[in-house]
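Secondary and tertiary structure notes
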Amino acid sequence: MANAVIETKAQRVERLKREKNPWEGLDDIRKFAREGFDSITPEWLGTYFRWWGVYTQGDGAGVVGGKNGEGKAMPFFMVRIRIPNGLLHSHQLRTIANVTEKYARGTADLTVRQNIQLHWVTIQDLPELLEELWRAGLTTMGSCGDDTRNITGCPLAGVDADEICDASSLALEANRFFVGNGDFYNLPRKFKICITGCRVWCAYPEINDVGLTAIRRPGRDSEVGFSLRIGGGLSTDPHLAVRLNAFVQRHQVIPVLKGVAEIFRESEKLRENRERARLKFLFLKHGWTAESFQVELERRIGFQLDPAVEEKPPADIYRDHVGIHPQKQAGYSYVGAAVLRGRISAQQMRTAAAAADRYAAGELRTTNMQNLLIVNVSDRNAQALASELEANKMPVGGSPFWRGVVACSGSEFCKIAITETKSFSRWLVEELEERLPGFEQHLKLHVTGCPNSCGQHWIADIGIEGKKIKVDGRQQDAYYFCVGGAVGLHQSVARAIGYRCLASEVPDAIERLLRRYLDERSPDENLRHYFARRSDEELRECLAGKFLAAVERDPSPGKVPHAVEG
């Protein structure tokens, strides 16, 4: 008898994708709902559900509570709602609040891709939840899985007084093209697109598989088109996207996106290893360059792209959109509320939806820094609206720590996480506010629960990555420090500086670092500049309060997750 062939993880996933388009399996989901959690097949539980934005929830212990690089799953699901370009109407947010209360224990998370993510959803409730979202014009399809994830863009599209163009219609058109499209359900892994018409690139095109940024071509017509970047991504192998020598005209955007997706889809080498299945690995591992990629792209789309024009990437611009700011429309403002670590309750969503109806035109936006905006607010109503949001713990302002912290799901819900992040981030903010009440420098403080960078710590001023340290025989939460990440003109992956400490010691370390910065900074010197002129040894000694030898950054604890947002 011949020995059975043992599939690798990649081979199994590829076989399952060939056998079934999960978007055609709605009847299966309804059947599982009727028959209960135990009726769900392994293929659906571990793979197919993700194409519906659905994946199993961990038991709170994270990766350390399981085996083979993944924690134990509970009979509950996380469900991610797709919000292209972050555009929401008040009735849609009210629907999300209702389903959050009915099916998700009243709490949801804003993600770094402008989604809203629910927890504690049962299989019995899933079909009804999906149908309620559909009736409101919302979907979860493609929010996870090996497909095109939520398409991000500037949350101020159409109202930003300084934008080059309103690109949100292109984001919505691309969303309609890819979501549910059977030609693109079977990609090697997730595929992320950013399209923005703003000057500050607030949706981070540098870390997307495809980043399109508006640019004006000099000349008689002063035509607006887009710069094109390819192959960005973070996770355990951060790679900032490369710019092609291309000026993409508006009518060429969808054909170009289709062409890039086809290159990705047909790159068989990327299907051999799940950990190296992102588009960026064509550049990192397979010898592709911006030039060779453009040659292949133009061959596929059937026309040559015009040469790129000179661009001016944004320099050290803070992008949280918090506060009351004038719009391009005279007499109107947008109001941005800081949602601490992205955690939002059903009641807060209802408050925001009601305020948007009462004081504005019922239009809201989600942001990549896990915040919530209301746009088209009459100037005379802006302060009243802000007061209502403040009263519901969504301040229109707040300390740099409240505004600047970003956190992934952490071990509370994620099976891949090493540390708990959401409650930790709240405590960290409270500690820093108390210790440094006069600190005013903008700060991006990103907390991620494992090396996979769902909290995007690689592009933060201070990014901390979850670890475990054994103390008195017990594993305790700890964090490894990276500093100086940036996007835009000074784009750079954060430096891993060799310092690690217990989670309980993180406020002490950050306080020492920021006090040293305040004492030693040059006039108008921001954190990025300060970190750039300090060695790893100096920064490590400052964090520790003493000389300390470097600690190597641990490798990934196991397989890369299929569903996390980083």
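The following paragraphs examine the structure supplied in this document.

1. Overview of the overall build of the protein chain
Each helix and strand in the protein chain was counted, giving 16 helices and 20 strands. The C-alpha atoms of the protein chain give 23 Å as radius of gyration, which agrees with the globular expectation for 566 residues (24 Å, within 12%). When its C-alpha atoms are laid out on the principal axes, the protein chain stretches across 75 × 70 × 50 Å. The buried share of the protein chain, taken over its 566 residues, is 61%. Surface accessibility of the protein chain: about 21,300 Å² in total, with carbon and sulfur atoms responsible for 47%. Computed over 75 positive and 73 negative side-chain charges, the inter-centroid distance for the protein chain is 2 Å.

2. Some thoughts on the pattern of salt bridges
The tally for this structure, following the rule as stated, stands at 46 salt bridges. With its nearest N and O atoms 2.5 Å apart, the salt bridge here joins Arg217 to Glu223. For Glu223, a relative accessible area of 26% gives the class partly exposed. Linked by salt bridges that have partners in common, Glu14, Lys17, Asp146, Arg271 and Arg274 make up one network.

3. Some thoughts on the packing of aromatic side chains
Any aromatic ring pair is given by two values, namely how distant the centres are and how the planes are angled relative to each other. The full count for this structure, using the stated rule, is 23 aromatic pairs. Arranged with centres 4.9 Å apart and planes meeting at 85°, the rings of Phe177 and Phe178 form a pair that is edge-to-face. Taking the relative accessible area as the measure of exposure, Phe178 reaches 3% and is therefore buried. On the basis of an interplanar angle of 25° and a centroid distance of 5.9 Å, the ring pair of Phe283 and Phe293 is categorised as stacked. Residue Phe283 is located in helix α8 (residues 281-284), and its partner Phe293 is located in helix α9 (residues 290-301); the two are separated by 10 residues in the primary sequence. For Phe283, a relative accessible area of 13% translates into the label buried. Among the aromatic residues, those joined into a cluster by ring pairs are Phe32, Phe37, Trp44, Tyr48, Phe49 and Phe77.

4. Regarding the nonpolar core
Of all hydrophobic cores here, the largest spans 59 residues; its most connected members are Phe49 and Leu118. By residue number, the principal contributor to this core is helix α10 (residues 346-359), which donates 7 residues. Discounting residues that sit within four places of it in the chain, Leu118 has contacts with Phe77, Met78, Val79, Ile81, Val99, Thr100, Ala104, Ala108 and Leu129. Judged by nonpolar contacts, the second largest core, of 40 residues, contains Cys165, Ala167, Leu212 and Ile301.

5. Overview of the side chain of Lys280
As for its placement among the helices and strands, Lys280 is situated in the loop between α7 (253-265) and α8. The side chain of Lys280 is buried and forms no salt bridge, while Asp237, the nearest opposite charge, is found at 5.6 Å.

6. Here we look at the sheet that holds strand β1 (residues 54-58)
As summarised here, the arrangement of the 5 strands in space is β1-β2-β5-β4-β13, forming an open sheet in which the pairing is antiparallel. Two strands bound the open sheet, and with one partner strand each, they are β1 and β13 (343-345). Strand after strand, the sheet turns through a mean of 35° between neighbouring axes, direction not considered. As judged from the 4 bridges shared by β1 and strand β2 (residues 73-81), these two strands associate in the antiparallel manner. Each bridged residue has a counterpart across the sheet, and for Gly58 the counterpart in β2 is Ala73. Sheet strands touched by α10: β4 (107-110) and β13. Its angle to β13, the strand with the most contacts, is close to 75°.

7. Some points on helix α13 (residues 422-435)
In a regular helix each residue adds 1.5 Å, so 14 residues correspond to 20 Å; α13 covers 20 Å between its end C-alpha atoms and thus fits that length. Within α13 the residues assigned to the buried category are Lys422, Phe424, Ser425, Leu428, Val429 and Leu432. Relative to the axis of α13, the buried residues are bounded by an arc of 150° and lie together on one face.

8. Section: the side chain of Asn186
The topology assignment puts Asn186 in the loop between α6 (168-178) and β6 (193-196). A residue is classified by how much of its surface remains accessible, and Asn186, at 15% relative accessible area, is buried. At 3.3 Å, the side chain of Asn186 forms a polar contact with the side chain of Lys17. Asn186 has contacts with Glu14, Lys17, Arg18, Asp146, Arg265 and Arg271, leaving out every residue within four places of it along the chain.

9. Points about the packing of α10 against helix α11 (residues 379-391)
Two numbers describe how α10 lies on α11: the axes approach to 10 Å, and their chain directions differ by 165°. Compared by their axis directions, α10 and α11 come out roughly antiparallel. When the axes of α10 and α11 are compared, the crossing they make is right-handed. Residues Thr351, Ala352, Ala355, Arg358 and Tyr359 of α10 pack against Asn381, Ala384, Leu385, Glu388 and Leu389 of α11. Residues of the contact of α10 with α11, tallied by class, amount to 6 nonpolar, 2 polar and 2 charged.

Rules used in this analysis
- Residues numbered from 1 in each chain as written.
- Predicted model: local features only at pLDDT ≥ 70, side-chain atom pairs only at ≥ 80, totals over all residues.
- Heavy atoms only, no water.
- Helix = DSSP H or I, 4+ residues; strand = E, 2+ residues; numbered from the N terminus.
- Rg over C-alpha atoms; globule rule 2.2 N^0.38 Å.
- Buried < 20%, exposed > 50% of the residue type's maximum accessible area, 1.4 Å probe, protein only.
- Areas by Shrake-Rupley, 256 points an atom, 1.4 Å probe, with all protein chains shown as cover.
- Lys, Arg positive; Asp, Glu negative; His and termini not counted.
- Charge placed at Lys NZ, Arg CZ, Asp CG, Glu CD.
- Salt bridge = Lys/Arg side-chain N within 4 Å of Asp/Glu carboxyl O.
- Phe/Tyr/Trp six-rings, centres within 6.5 Å; stacked < 30°, edge-to-face > 60°.
- Core = buried A, V, L, I, M, F, W, Y, C linked by side-chain atoms within 4.5 Å.
- Contact = heavy atoms within 4.5 Å.
- Pairing = 2+ DSSP bridges.
- Axes fitted to C-alpha atoms, helices over the stretch in contact; angles between N-to-C directions.
- Expected span 1.5 Å × (residues − 1).
- Arc of directions from axis to C-beta.
- Polar contact = N/O pair within 3.5 Å; in protein donor to acceptor, adjacent residues only side chain to side chain.
- Parallel < 35°, antiparallel > 145°, perpendicular 65-115°, else oblique.
- Left-handed = near helix turned anticlockwise from the far one by under 90°.
- Nonpolar A, V, L, I, M, F, W, Y, C, P; charged D, E, K, R; others polar.

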